Amino acid sequence: MAIDYAQKIPNNVNLADDRTLQRALEQWQPNFINWWDDVGPENTTDSDVYLRTATSVDPQGWAHFDFVKMRDYRWGIFLNPGDANRQIQFGDHKGETAWQDVPGEHRANLRRIIVTQGDTEPASVEQQRHLGLTAPSMYDLRNLFQINVEEGRHLWAMVYLLQKFFGRDGREEAGALLERTSGDADNPRILGAFNEKTPDWLAFFMFTYFTDRDGKFQLAALAESAFDPLARTTKFMLTEEAHHMFVGESGVSRVLQRTAHVMNELKSDDPKTIREAGAIDLPTIQRYLNFHYSVTIDLFGADQSSNAATFYSSGLKGRYEEGKRVDDHVLKGQTYKVLEVRNGQLGEKEVPMLNALNEVLRDDFIKDSVAGVGRWNKVLEKAGIPTRLVVPHKAFNRRIGALAGIRMSPEGQVVSEAEWTQREADWLPTASDRAFVSSLMGRVVEPGKFANWIAPPAMGINKQPVDFEYVRFG
Ligand SMILES: [Fe+2]
Ligand SMILES: [Fe+2]
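Residues numbered from 1 in each chain as written. Chains lettered and ligands numbered in written order. Predicted model: local features only at pLDDT ≥ 70, side-chain atom pairs only at ≥ 80, totals over all residues. Heavy atoms only, no water.

1. A short note on the sheet that holds strand β2 (residues 63–69)
Ordered in space as β2-β1-β5, the three strands form an open sheet in which the pairing is antiparallel. Taken across any chain shown, the strands that pair with only one partner, and hence form the sheet edges, are β2 and β5 (471–472). As defined by bridge partners, strand β1 (residues 48–54) adjoins β5 across two bridges and the pair is classed as antiparallel. Its bridge partner lying in β5, Asp-48 is registered against Arg-472. In this fold helix α3 (residues 138–165) packs onto β1, β2 and β5, with an angle of close to 45° to the strand it touches most, β1. (Pairing = 2+ DSSP bridges. Helix = DSSP H or I, 4+ residues; strand = E, 2+ residues; numbered from the N terminus. Contact = heavy atoms within 4.5 Å. Axes fitted to C-alpha atoms, helices over the stretch in contact; angles between N-to-C directions.)

Here's what the structure looks like:
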């Protein structure tokens, strides 16, 4: 499964043996580069960046680090090794051999799943395109760029599937993935969270912590797919995704470290005092968390969904860690609790589990998210700060599903429209919070130097020192 870098498009799928596909992808490649130049990371053409590139799909030592100009990054097609005897683990086809091709009856649904996943990848690059101009350090700048090129590669991963297995429809979808634009009024990205702005680095760290983690759960569910090429593609994407979430988790940790330090130095927890010292006060961090968390859990879709049931029963999309679960993996006749609003009050009801699989995945995501928030709180605890960050109630600020119509406090109390209006500024970032955070965003790119609002990381990338020259500006 070595990756062939002699090809115009690096790959481990024997692309050279499939001339039609190779031609289609080579035609798409310049459009991808145009897209990168137009809406990819701003002002980066001449910089050499210390980037990781996949050299094999072996989990041990799969990547290689070197200086590359980003637009020359070797985006390619890498699938995890296959197993010709792999069996489908769940749904109505459980126990049958996994598919190497797309069954006609599942074609439309599979295409939709792949397009929806594929659309998020370039979207995040677009959302993050200005952040390089305000990086808090050269180390952070490099991490941003690493994420950007890998999201670009994730787009390639989905475009490969579309072009190889979906004929002319696939080619059209591959083109459309470069035409929609995050936040565009006429032709936006498919999912809500991917049309929001990522205007500052606190938002970026929250995004990579929460929204890239949505990516992890979606990819993990697709890694169970009966459609084997999708399973193998997403497995390799998960390897790359881990770094994105690391950037978010460690980024917020470092912000908290700095804030706690300033709070202790000034013996104050007054937001105004902390802000005047150039650090980000804890209530603002909590409001950012509330926003990114609630927008991200919407990505899992409606709490009850017949599509989710169809995707599962037909073997297209499994559950997170399907193989570790001890039920029958068919789920007929089983139930799951979802929230509902009855007479203005929140209650629970039991629904068929197959219809609640979006909620099942959302709840798995929530558990994983909460664990990391606990690690953030350790930073505060260690510094002797009594405040703790918390994730808001699942029904807070929702736009999708049964909870969309309800006003809810982060603690989980249903509130009136009037109370919401009065309290919203305590719960979600205000324009003045965002203006304050953005006022801190100056570009710091001297090796080893860090902006005042964030602590340095504990170590550098790939065993390089923290003050390594990660980006050489051309
Ligand atoms: Fe991705
Ligand atoms: Fe990611």
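Now that the structure is up, let's keep going.
2. A few points about the environment of Glu-26
Topologically, Glu-26 is positioned in helix α1 (residues 19–39). Its relative accessible area of 24% is what places Glu-26 among the partly exposed residues. In this structure the C-alpha to C-alpha distance between Glu-26 and Leu-131, which are 105 residues apart in sequence, comes to 30 Å. Sequence-distant contacts of Glu-26, defined by excluding residues within four places in its chain, comprise Lys-8 and Ile-9. (Buried < 20%, exposed > 50% of the residue type's maximum accessible area, 1.4 Å probe, protein only.)

3. Some words on the coordination of the iron ion (ligand 2)
For a metal with four donors in a tetrahedral arrangement, the ideal angle between donors is 109.5 degrees, while six donors in an octahedron ideally sit at 90 or 180 degrees. Within the protein, the iron ion (ligand 2) binds to Glu-151 (OE), Asp-212 (OD), Glu-241 (OE) and His-244 (ND1); these donor distances fall in the range 2.0 to 2.2 Å. Viewed at the metal, the four donor atoms of the iron ion (ligand 2) are separated by angles of 87 to 168°, and the geometry they form is irregular. Of note, the donors binding the iron ion (ligand 2) are all from one chain and are spaced E-x60-D-x28-E-x2-H. The metal-metal distance between the iron ion (ligand 2) and the iron ion (ligand 1) is 3.5 Å, with Glu-151 coordinating both. A residue pair is termed long-range when its members are at least 10 positions apart, and Asp-212 in helix α5 (residues 201–222) and His-244 in helix α6 (residues 228–266) qualify at 32 residues. Each member of the pair, Asp-212 together with His-244, is buried. (Donors = N, O, S within 2.8 Å, 3.2 Å for Na, K, Ca; no water. Tetrahedral: all angles 85-135°; square planar, octahedral: opposite > 155°, others 65-115°.)

4. Things to note about the packing of α3 against α5
The description of two packed helices rests on the angle between their axes and on the distance between the axes. Their axes nearest at 13 Å, the elements α3 and α5 cross at an angle of 45°. When the axes of α3 and α5 are compared, the pair comes out oblique. When the axes of α3 and α5 are compared, the crossing they make is left-handed. Packed against α3, whose contacting residues are Asp-140, Leu-141, Leu-144, Ile-147 and Glu-151, the element α5 presents Trp-201, Phe-204, Phe-205, Thr-208 and Asp-212 at the interface. (Parallel < 35°, antiparallel > 145°, perpendicular 65-115°, else oblique. Left-handed = near helix turned anticlockwise from the far one by under 90°.)

5. A few points about the pairing of β1
A regular strand carries its side chains on alternate faces of the sheet. Extensive coverage of β1 is indicated by the burial of six of its seven residues. Taken together, the seven bridges between β1 and β2 define a ladder with antiparallel strand orientation. Paired with Val-49 across the strands is Val-68, a residue of β2.

6. Concerning the coordination of the iron ion (ligand 1)
Binding of the iron ion (ligand 1) to the protein goes through Glu-121 (OE), Glu-151 (OE) and His-154 (ND1), at separations of 2.0 to 2.2 Å. Look at where the donors of the iron ion (ligand 1) fall in the sequence and you get E-x29-E-x2-H. In this structure Glu-121 comes out as buried when scored by relative accessible area, which is 3%. Residue His-154 is classed as buried on the basis of its relative accessible area, which comes to 0%.

7. Quick word on the packing of aromatic side chains
Under the definition given, this model contains 33 aromatic pairs. On the basis of an interplanar angle of 90° and a centroid distance of 5.6 Å, the ring pair of Trp-62 and Phe-236 is categorised as edge-to-face. Taken together, the residues Trp-62 in the loop between β1 and β2 and Phe-236 in helix α6 connect sequence positions 174 residues apart. On the basis of relative accessibility, which here comes to 0%, the residue Phe-236 falls in the buried class. Measuring from ring centre to ring centre gives 5.0 Å for Phe-468 and Tyr-470, while their planes differ by 70°; the resulting arrangement is edge-to-face. A single burial state applies to Phe-468 and to Tyr-470, both of which are buried. (Phe/Tyr/Trp six-rings, centres within 6.5 Å; stacked < 30°, edge-to-face > 60°.)

8. Comments concerning unusual backbone geometry
We note that His-329 has phi near 60°; this positive angle belongs to a residue other than glycine. Mapped onto the secondary structure, His-329 falls in the loop between α9 (306–313) and β3 (335–342). The buried category is assigned to His-329, whose relative accessible area is 11%. Phi is positive for Asn-462, close to 55°, though the residue is something other than glycine.

9. A few points about the side chain of Arg-258
Looking at the element boundaries, Arg-258 is found in helix α6. Although Arg-258 lies buried, it forms no salt bridge, and the closest oppositely charged side chain, Glu-265, sits 5.4 Å away as judged by the N-O distance. Beyond its immediate chain neighbours, meaning those up to four positions away, Arg-258 contacts Asn-452, Trp-453, Ile-454 and Ala-455. (Lys, Arg positive; Asp, Glu negative; His and termini not counted. Salt bridge = Lys/Arg side-chain N within 4 Å of Asp/Glu carboxyl O.)

10. Comments concerning the nonpolar core
In this structure, Trp-376 and Trp-453 are the most contacted members of the largest nonpolar core, which totals 111 residues. The element best represented in this core is α3, accounting for 16 residues. Beyond its immediate chain neighbours, meaning those up to four positions away, Trp-453 contacts Pro-136, Trp-201, Phe-205, Val-255, Arg-258, Gly-278, Ala-279, Ile-280, Leu-440 and Met-441. Of all hydrophobic cores here, the second largest spans 17 residues; its members include Phe-194, Phe-291, Val-295 and Trp-427. (Core = buried A, V, L, I, M, F, W, Y, C linked by side-chain atoms within 4.5 Å.)

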